[in-house]
Amino acid sequence: MITFDISQWRAWAPGLQTTADWQRWSQDSQAFAPTDQAPDVAFLPAMQRRRLSHLARMAFAVGWPLAEGLQDLPLVFVCRHGETPRTFAILSDLAREQPLSPTQFSLSVHNAVIGLWSIMRGATCEMTALAGAGDGFEHGVLEAAGLLHEGAPAVLLIVVEEYPPEAYRDRVHDVPFDYALALLLTPGNTWTLTQQGAATPTPGNDPHALSWLRSLLTGQSAFTHTWKRRSWTWRRKP
């Protein structure tokens, strides 16, 4: 069991930016219909914005405001599928025997986002990029809790996924739309997270990060996420 506090959170999806937007989403039983809205990263200079992919913009849009005013803030970045549109474009160029762009390749690797984050914020503290399975969200929390245990006063967790290109959609079933969630974790005991084996897999409809957000906004004090034979139980003190 690990314990921690979550002092702030921020989430983004097309058409969902404010807490009120997400509150309505959490209580709507109908399928969410995303818009073509792009994340707002106007807080960055134009030259820096040009380097960011859509996925990176999502991560920066939710993470940057939570990091303001905090120095040496460790970052845990969780993304299961990575830069799928950019990678697919590179593979398409290979298939057509076209020359590849070194810049596009360097920005397609899994830790490119935290590299850009480090450069743009001038940050040199611990940063981790995780490509977990369906419960990568919980593994990210576990990593962040470990950093808190080692003495970090706060840790930023960013979970982000981009809706895949059409060629991948028959195989990628856990990204219903673009989304990003950032949590600022601090030492405390408001939240507990425990992991145990699950006798029978019982996958939910939402990715774990979005399921957590829905549970938070609907006032649940305890809920469980299961991935294959791993079961994660979340509890929150009133």
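The notes below deal with the structure included here. (Residues numbered from 1 in each chain as written. Predicted model: local features only at pLDDT ≥ 70, side-chain atom pairs only at ≥ 80, totals over all residues. Heavy atoms only, no water.)

**Focus on the overall build of the chain**
Applied cut-off: Secondary structure follows DSSP: runs of H or I at least 4 residues long count as helices, runs of E at least 2 residues long count as strands, and numbering of each begins at the N terminus. Throughout, the radius of gyration refers to the C-alpha atoms, and the reference size of a globule is 2.2 Å times the residue count to the power 0.38. The buried label applies to any residue whose accessible area, calculated with a 1.4 Å probe on protein chains only, is under 20% of its type's maximum; exposed applies above 50%, and partly exposed to all values in between. Whether two residues are in contact is decided by their heavy atoms, any of which lying within 4.5 Å being enough. Surface exposure here means Shrake-Rupley accessible area, sampled with a 1.4 Å probe, where a residue is shielded only by the protein chains that are shown.
For the chain, the count of helices and strands is 8 helices and 7 strands. A compact globule built from 238 residues would reach a C-alpha radius of gyration of about 18 Å, and the chain, at 18 Å, matches this within 12%. On the principal axes, the C-alpha backbone points of the chain span a range of 55 × 40 × 35 Å. Each of the 238 residues in the chain was classed as buried or not, and the buried ones make up 46%. In the chain, once contacts between residues fewer than 6 apart in sequence are set aside, the share between residues at least 24 apart is 72%. Accessible surface computed for the chain: about 12200 Å², of which carbon and sulfur atoms make up 50%.

**Digging into the pattern of salt bridges**
Just so we agree on the cut-off: Salt-bridge detection follows one rule: a side-chain nitrogen of Lys or Arg within 4 Å of a carboxyl oxygen of Asp or Glu.
Overall, the coordinates contain 5 salt bridges when judged by the stated rule. A salt bridge links Arg 121 to Glu 68; its shortest N-O distance comes to 3.6 Å. Of this pair, Arg 121 sits in helix 6 (residues 112-121) while Glu 68 is found in the loop between helix 3 (54-67) and strand 2 (75-78), placing the two residues 53 residues apart along the sequence. One salt bridge in this structure joins Arg 214 and Asp 206, with 3.0 Å as the shortest N-O distance. Asp 206 gets classed as partly exposed once you look at its relative accessible area, which sits at 25%.

**Points about the environment of Glu 126**
Note that Glu 126 resides in the loop between helix 6 and strand 3 (127-130). Residues Glu 126 and Gln 37 lie 89 residues apart in sequence; the distance between their C-alpha atoms is 32 Å. Discounting residues that sit within four places of it in the chain, Glu 126 has contacts with Pro 74, Leu 75 and Leu 147.

**So, unusual backbone geometry**
Phi angles above zero are rare outside glycine, and Glu 97 is one such case at about 60°. For Glu 97, a relative accessible area of 73% translates into the label exposed.

**Considerations on the nonpolar core**
Applied cut-off: Buried Ala, Val, Leu, Ile, Met, Phe, Trp, Tyr and Cys residues form a nonpolar core when they are joined through side-chain atoms within 4.5 Å.
Counting 38 residues, the largest nonpolar core has Phe 4, Phe 137 and Trp 212 as the members making the most contacts within it. Counting only elements with at least two residues in this core, the list comes to strand 1 (2-12), helix 1 (19-27), strand 2, helix 7 (136-149), strand 4 (155-161), strand 5 (179-197), helix 8 (208-217) and strand 7 (230-236). Filtering out sequence-adjacent residues up to four positions away, Trp 212 remains in contact with Ile 6, Phe 137, Leu 181, Leu 183, Trp 191, Phe 223, His 225 and Trp 234.

**Some points on helix 6**
Among the residues making up helix 6, those that are buried are Ala 112, Val 113, Ile 114, Leu 116, Trp 117 and Met 120. In this structure, the buried residues of helix 6 make contact with helix 2 (46-49), helix 3, strand 2, helix 5 (102-106), strand 3 and strand 4. The positive-phi residue at the C-terminal boundary of helix 6 is Gly 122, with phi of around 65°.

**Focus on a nonpolar patch on the surface**
Operational definition: Like charges within 9 Å and nonpolar side chains (Val, Leu, Ile, Met, Phe, Trp, Tyr) within 5 Å are joined into patches, using only residues over 30% in relative accessible area that form no salt bridge.
A cluster of nonpolar side chains, namely Leu 91, Leu 94 and Leu 100, defines an oily patch on the protein surface of about 260 Å² accessible area. Inspection of the secondary structure puts Leu 94 in helix 4 (residues 84-95). Look at Leu 94 and you get partly exposed, because its relative accessible area is 47%.

**Some points on the packing of helix 3 against helix 6**
Each pair of packed helices gets described by two things: the angle between the helix axes and the distance between those axes. To keep it simple, the criterion reads: Angles here are taken between N-to-C directions and fall from 0 to 180 degrees, while the axes themselves are lines fitted to C-alpha atoms, restricted in helices to the stretch in contact. In what follows, roughly perpendicular refers to angles from 65 to 115 degrees, roughly parallel to angles under 35, roughly antiparallel to angles over 145, and oblique to any angle outside these ranges. It is the rotation of the near helix from the far one that decides the hand of a crossing: anticlockwise by less than a right angle makes it left-handed, clockwise makes it right-handed. The classification used treats Ala, Val, Leu, Ile, Met, Phe, Trp, Tyr, Cys and Pro as nonpolar, Asp, Glu, Lys and Arg as charged, and all other residues, Gly among them, as polar.
Contact pair helix 3 / helix 6: the axes reach a minimum separation of 11 Å and the direction vectors enclose 45°. Classified by the angle their axes make, helix 3 and helix 6 are oblique. In this structure, helix 3 crosses over helix 6, and the sense of that crossing is right-handed. In this structure, helix 3 contributes Leu 55, Ala 56, Ala 59, Phe 60, Gly 63, Trp 64 and Ala 67 to the contact, and helix 6 contributes Val 113, Leu 116, Trp 117, Met 120 and Arg 121. Here the contact of helix 3 with helix 6 is built from residues that sort into 10 nonpolar, 1 polar and 1 charged.

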